[in-house]
Amino acid sequence: MGGIRKINLVELSRKYPQAEVWAHPDEFPDLYDLTLRGTKQATSSWFEEYEKDKVSLPKVGEVSIMLDRMENPSRALVMVTNKVLVRPFHQVTAEEAFLEGEGNRSLRDWQTIFGDYWRKTLPEEGLEFSESGLVVTEIFTVLEDYLLDNEENDAKLGMKRENSKGNCCFFK
């Protein structure tokens, strides 16, 4: 990854027109920094949320733009998906948990963090957590790091929250 550059979000979106622009919910402010430092190299979502929201699963080679926060973002990372794994919650591996970069990076901690999160949030979407439920794990690489020009963003971009899935929110 090269040095940090300054750009507005409109220009960044033009540079990567197929990229989905997203941010983790505000309740998880550390996830952006973990990704920026290279600690977090994977993210997981509940498979049924893709079906419910009629959203395609991530694909190898897809580029996305992760914002540091949903409201008034100041930083953005351009990421590419290297691998997509779909497996039951109880079969997620220690390696996948380590790549998530959260907690102490152990499988047990991953199961606690994500299990608790999905037990809390899935019922709000009419879904149910199960140890045999499918998890989509996306392994990625950060390509670029940008400092965003917020004045330009506010003036040119009318982003609206489209929907949320798993552990992130998407914008159009």
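Residues numbered from 1 in each chain as written. Predicted model: local features only at pLDDT ≥ 70, side-chain atom pairs only at ≥ 80, totals over all residues. Heavy atoms only, no water.

Draft legend 1. Main features of the side chain of Glu96. Mapped onto the secondary structure, Glu96 falls in helix H4 (residues 94–100). When neighbours within four sequence positions are excluded, Glu96 is seen to be in contact with Leu85, Arg87 and Thr137. (Helix = DSSP H or I, 4+ residues; strand = E, 2+ residues; numbered from the N terminus. Contact = heavy atoms within 4.5 Å.)

Draft legend 2. The pattern of salt bridges, seen in detail. If you walk through the whole model with that rule in mind, you get 10 salt bridges. Among the ionic pairs, Arg69 bridges to Asp68, the shortest N-O distance being 3.0 Å. Bridged by salt links that share partners, the residues Arg5, Lys15 and Glu144 form one connected network. (Salt bridge = Lys/Arg side-chain N within 4 Å of Asp/Glu carboxyl O.)

Draft legend 3. Here's a closer look at the nonpolar core. Leu12, Ile65, Leu67, Ala76 and Leu148 are the most contacted members of the largest nonpolar core, which totals 14 residues. Of all the secondary structure elements, the ones that give two or more residues to this core are helix H1 (9–15), strand S2 (20–23), strand S4 (63–67), strand S5 (75–88) and strand S6 (134–148). The residues contacting Ile65, other than those within four sequence positions of it, are Leu12, Ser13, Tyr16, Ala19, Glu20, Val21, Trp22, Ala76, Leu77 and Val78. Within the second largest apolar cluster, 12 residues are counted, among which are Phe89, Trp118, Leu127 and Val135. (Core = buried A, V, L, I, M, F, W, Y, C linked by side-chain atoms within 4.5 Å. Buried < 20%, exposed > 50% of the residue type's maximum accessible area, 1.4 Å probe, protein only.)

Draft legend 4. The side chain of Glu102, seen in detail. Counting through the fold element by element, Glu102 comes out in the loop between H4 and helix H5 (107–121). The class for Glu102 is buried, based on a relative accessible area of 13%.

Draft legend 5. Structural view of the packing of aromatic side chains. Tallied over the entire structure, the rule returns nine aromatic pairs. Geometrically, the ring pair formed by Trp110 and Phe114 is stacked, given 4.8 Å between the ring centres and 20° between the ring planes. Within this pair, Trp110 and its partner Phe114 are both found in helix H5, separated by four residues, close to a single helical turn. Trp110 gets classed as buried once you look at its relative accessible area, which sits at 3%. With a relative accessible area of 4%, Phe114 lands in the buried category. An aromatic cluster is present here, built from Trp46, Phe89, Trp110, Phe114, Trp118 and Phe129 joined pairwise through their rings. Positioned above the aromatic ring of Phe98, the side-chain terminus of Arg105 is 3.7 Å from the ring centre. (Phe/Tyr/Trp six-rings, centres within 6.5 Å; stacked < 30°, edge-to-face > 60°. Lys NZ or Arg CZ within 6 Å of the ring centre and 35° of its normal.)

Draft legend 6. Just the environment of Val84, in detail. Considering the arrangement of structural elements, one finds Val84 in strand S5. Accessibility expressed as a relative area gives 25% for Val84, which makes it partly exposed. Distance from Val84 to Lys59, taken between C-alpha atoms, is 6.7 Å for residues 25 residues apart in sequence. When sequence neighbours within four positions are dropped, the list of residues in contact with Val84 reads Pro58, Lys59, Val60, Val136 and Thr137.

Draft legend 7. Broad picture of the pairing of strand S3 (residues 42–46). Counting buried residues along S3, five of its five residues qualify, which places the element largely inside the surrounding structure. Residues Ala42, Ser44 and Trp46 of S3 are buried on one face, and the alternating residues Thr43 and Ser45, pointing to the opposite face, are buried as well. Summarising the sheet, S3 and S6 pair through five bridges and their orientation is antiparallel. By the bridge assignment for S6, Ser45 is matched with Val136. (Pairing = 2+ DSSP bridges.)

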